[in-house]
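Structural features, examined
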Amino acid sequence: MTYTQTIDSFCEMKRLARSLASMFVRGRAMATSRTGAAQRPNGAPQTKVCQFKLVLLGESAVGKSSLVLRFVKGQFHEYQESTIGAAFLTQTVCLDDTTVKFEIWDTAGQERYHSLAPMYYRGAQAAIVVYDITNQDTFGRAKNWVKELQRQASPSIVIALAGNKSDLAAKRMVEFEEAQAYADENGLLFMETSAKTAMNVNDIFLAIANKLPKSEGVGGGPAAGARRLGDAEQQRSSSCCK
Amino acid sequence: MSGSSSVEDLPDQCKDLFTQDGVLLKACLGRPITDLNSIGMLCIVENHDNSKSIEWRPNDLITIDSDTQDQEWAVVNTIGISMSYAKGRRQRTFSGNITADYATARARIIRIPLEELKTFRVTRNNQQMQFSTKPGVWQTTFYFQHGNAEIFVASLKNHVKTAKTRHDRNTYVVVEPNTESQVLNKSFAELDIFTENTTDVVWNLVSNFKQRPYETTMEAFSKLTDIVYYGNEGASGKRDVSEEVADLLTKSMNEIDEATTVTTLTRQSDEYEVVTVNPMLPPRPVIPRGTPLSTEKWEGLQDTEGRVTEVDGVRQLIFRGGIARSIRHLVWKYLLDYYPWHMTHAQLKTLHKKRTEEYFTMKLQWRSMTEAQESRFAEYRERKNLVEKDVNRTDRTHPYYAGENNPNLLVLQDILMTYVMYNFDLGYVQGMSDILAPLLLLMGNEVDSFWCFVGFMDKIASNFEMDQAGMKHQLLQLQQLLMFVSPELANHLVQKDSGNMFFSFRWLLVWFKREFSHRDIMRLWEVLWTGLPCANFHLLIGVAILDAEKDVFISKDYGFTEILKHVNDLSMCLDVDKILSNAEGIYHQLVSSPNLPDQIRVTLGLPTINISTSTHSEADNNKPSTSRGTENGYPRI
């Protein structure tokens, strides 16, 4: 079993440090295995496996596919081609007592294909709304996505805001504080990320994994059991632990 | 459709095909002003004589039965309104003094026969619809209070053939009432890719087969003799179907006979027996690919002045084997309607000069835009942004576009920006750079690439339109084709919530560009541009790919996500020649199938069989023209 845990040195969220230490991003071999029969990589007793649908939204060319590619395959392509239709990838991360399998839907960003987005965010438990810190318009567009999700997506959806391309801070057009304030107002997770340097990429997915409810329920029914890692304030009606 | 109609004997009984509530009558020529601004229901109805109309009925004349219906409601009538199954409403009736109300009600209903409808347009943020039966006059104006007119328009388009006008994208011109409306009587609402319950769509499809006994009458059997004209065509030399194929098909005829389950029912009202045929396709013929069109052959097909004399022959050769690399850049100009086939070298030279000037005029339009102008031109800026973002990441792994500051990227950008000026309304949409990249790579010339791009875009512009209706329609057509060719797989997809075929969006949007290498995509595209052997052959390419993956999908019980992932992962793993050969085989299976539904015939540009009124004499059935009339007139894609 390979461990590809990479805790980024730039991690700005200290409150995550404790849990991060026990989190693992597992290799691809595990990522494709079916839920329920997952082996505990460290030999500890079997834990529950939670499967979550996560969708990436945001303006065209902000780096949605690059973030996914970095998270899932650890790769980066400077000239990542545009996404037509949608792409689907999976990645599994281990928290200390749960295994979280992300089913990641990567969407096309151009406004023309906006009408297809609901198909992907419908039923999603998490979303990463991405903007490009060097482009103010993409931040505005991100806010619109957040609004749309708040209005149309599952009420319990966990939304993270990612200010991508933080390696291009010299060309920054969106201030960190501005985005942080917006995220706070709207109850979003927020990080500035760089798919290119890998900064905060795993972290933002892990932060989401942490915030998602992990019930003891069987078969993906309504959350009935303890929500050990969940946010107590966030009332959620569903998770898909199996 | 629910039963329990109380209006069976009404002379003007009609059937609602689609209804939309909450529609305000805003204007109607020749109507008393008191009739205006009342709310009603806008419907598409089928009249007793099978003609269709758009009908608006004021709400105050329509009451809804409730389950706690009073006795006084016992006397009800529906003034020719039958059930609205679309909305699940039990029955719309009105009560009271039946004769007086009947007359009043009738007077207030607005009816526009589809046969008379000339144009309609959608304005005010999709909420207002206007209809015209006379050029230049909008007779009626409706305002949609609930939602917008989108679904109504989509539904209407199932019953009339429309074209958008060039000057106004919101105006539709009715080309002709769609005779296929019986078959296509399925609203876009059902097709809507956001619809959760895709089973309904398929159920309707299946029930259409079942409910159209004409499709499956004895005719079905006698149609098998149509196979014969394969032989005829082969002999006439026009078509390139080998005798081997004809043999195979003839053999398959016997096999069908053996494999077909026959149930005989008797219909009361007319003279023929209805036979249910277990739909089954003849075996798929294996059709080898040919060799590419060579320089010698190409030159041999032109006269001394350079006119291409044997256009059909050229298309046939290209369809069979593609084009040799050495002349590909030249022949593409013809296939993409940049060079007319009939022009001499001298005429082409003049044309080329003219097109070059035109190109640079349009290029100058945006090149000469100052920063200040640009700052006040948001729509232009937006398009420019989109182009820049995508050019930078188009085919960068190919040597022609690789590396920092590659000058070819600038050409790519210039062409796309000039196209924005050429077709500002469409603008730039993601996917277009994928379409252009192989063209420029091959042509190596800015002007030629531009005009070839224009030609290609003309074939697929509807893929990129704002409402995505073109894509939705193709996804439905693909689904219908698959349901006929491979019902097992199609049903599996439906069960797995993939009946919307969305996993094939990328295939259809850019004609498989992302699935093949540059070398292979050039081969595939040139074959598809021939328009042979039928319209929408690219959909059969999709069917061929899916059919080859059928066992994987089914044996691994792939669900929605796995299906999409698997389809995306097929990229660069597909054998273009094998797929072309399979797709052609599927085409032959389809055209030789005795019970090919009209909706598929429409998709493939085949003449429809209007069986409902025909008597099935031997003579009729042996006439090849009944189903093969447009031999060389296949609509261009």
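Everything numeric in this text was worked out from a predicted model, so none of it was measured.

Rules used in this analysis
Residues numbered from 1 in each chain as written. Chains lettered and ligands numbered in written order. Predicted model: local features only at pLDDT ≥ 70, side-chain atom pairs only at ≥ 80, totals over all residues. Heavy atoms only, no water. Contact = heavy atoms within 4.5 Å. Buried area = accessible area lost by both parts, 1.4 Å probe. Salt bridge = Lys/Arg side-chain N within 4 Å of Asp/Glu carboxyl O. Polar contact = N/O pair within 3.5 Å; in protein donor to acceptor, adjacent residues only side chain to side chain. Helix = DSSP H or I, 4+ residues; strand = E, 2+ residues; numbered from the N terminus. Nonpolar A, V, L, I, M, F, W, Y, C, P; charged D, E, K, R; others polar. Phe/Tyr/Trp six-rings, centres within 6.5 Å; stacked < 30°, edge-to-face > 60°. Buried < 20%, exposed > 50% of the residue type's maximum accessible area, 1.4 Å probe, protein only. Lys NZ or Arg CZ within 6 Å of the ring centre and 35° of its normal. pLDDT = per-residue confidence, 0-100.

1. Considering the interface of chain B and chain A
Taken residue by residue, the interface counts 33 residues in chain B and 27 residues in chain A. Counting the surface lost from both chain B and chain A, the interface buries some 3,100 Å², and carbon and sulfur atoms represent 56% of this. Here chain B and chain A share two salt bridges between them. For E59 of chain A, the salt bridge goes to K389 of chain B, with nearest N and O atoms at 4.0 Å. At the boundary of chain B and chain A, one finds twelve residue pairs in polar contact (both at pLDDT 80 or more). Looking at the side of chain B that touches chain A, the elements that each hand over two or more residues are α13 (378-391), α19 (505-509) and α23 (560-569) of chain B. At six residues, the largest contribution of residues to the side of chain B that touches chain A is made by α23 of chain B. Residue classes in the side of chain B that touches chain A are distributed as 14 nonpolar, seven polar and twelve charged.

2. Looking at the packing of aromatic side chains
Counted under the stated rule, the structure contains 41 aromatic pairs over all chains. An angle of 80 degrees between the planes, with centres 5.9 Å apart, marks the rings of F139 of chain A and Y182 of chain A as edge-to-face. Here F139 of chain A is found in helix α5 (residues 136-152), whereas its partner Y182 of chain A is found in helix α6 (residues 176-186), with 43 residues between them in sequence. A single burial state applies to F139 of chain A and to Y182 of chain A, both of which are buried. Geometrically, the ring pair formed by W525 of chain B and W529 of chain B is tilted, given 6.1 Å between the ring centres and 40 degrees between the ring planes. Note that W525 of chain B and W529 of chain B are positioned in helix α20 (residues 518-529) at a spacing of four residues, about one turn of the helix. The pair W525 of chain B / W529 of chain B is uniform in exposure class, with both members buried. Among the aromatic residues, those joined into a ring-pair cluster are F88, W105, Y113 and Y120 of chain A together with F502, F505 and F560 of chain B. In this structure, K143 of chain A packs its charged tip against the face of Y182 of chain A, placed 5.4 Å from the ring centre. For R396 of chain B, the ring lying beneath its charged end belongs to Y79 of chain A, and the centroid distance is 3.6 Å.

3. Some points on the confidence of the model for chain A
Residues and elements named next belong to chain A. Overall, the predicted model of chain A reaches an average pLDDT of 78, with 70% of residues at or above 70. Counted against residues more than four places away or in other chains, residues 1-41, with its pLDDT under 50, gives 89 contacts. Considering only residues more than four positions removed or in separate chains, one finds that residues 216-240, a stretch of pLDDT under 50, has 52 contacts.

4. Quick look at the pattern of salt bridges
Residue and element names in this part refer to chain B. Tallied over the full model, the rule gives 33 salt bridges over all chains. Between D547 and R284 there is a salt bridge whose closest N-O contact spans 2.9 Å. Separated by 263 residues along the polypeptide, D547 in helix α21 (residues 537-548) and R284 in the loop between β13 (273-277) and α8 (295-300) bring together distant segments of the chain. For R523, the salt bridge goes to E526, with nearest N and O atoms at 3.0 Å. Separated by three residues within a single helix, R523 and E526 lie in helix α20, roughly one turn from each other. Residue classification places E526 among the buried positions, given a relative accessible area of 0%.

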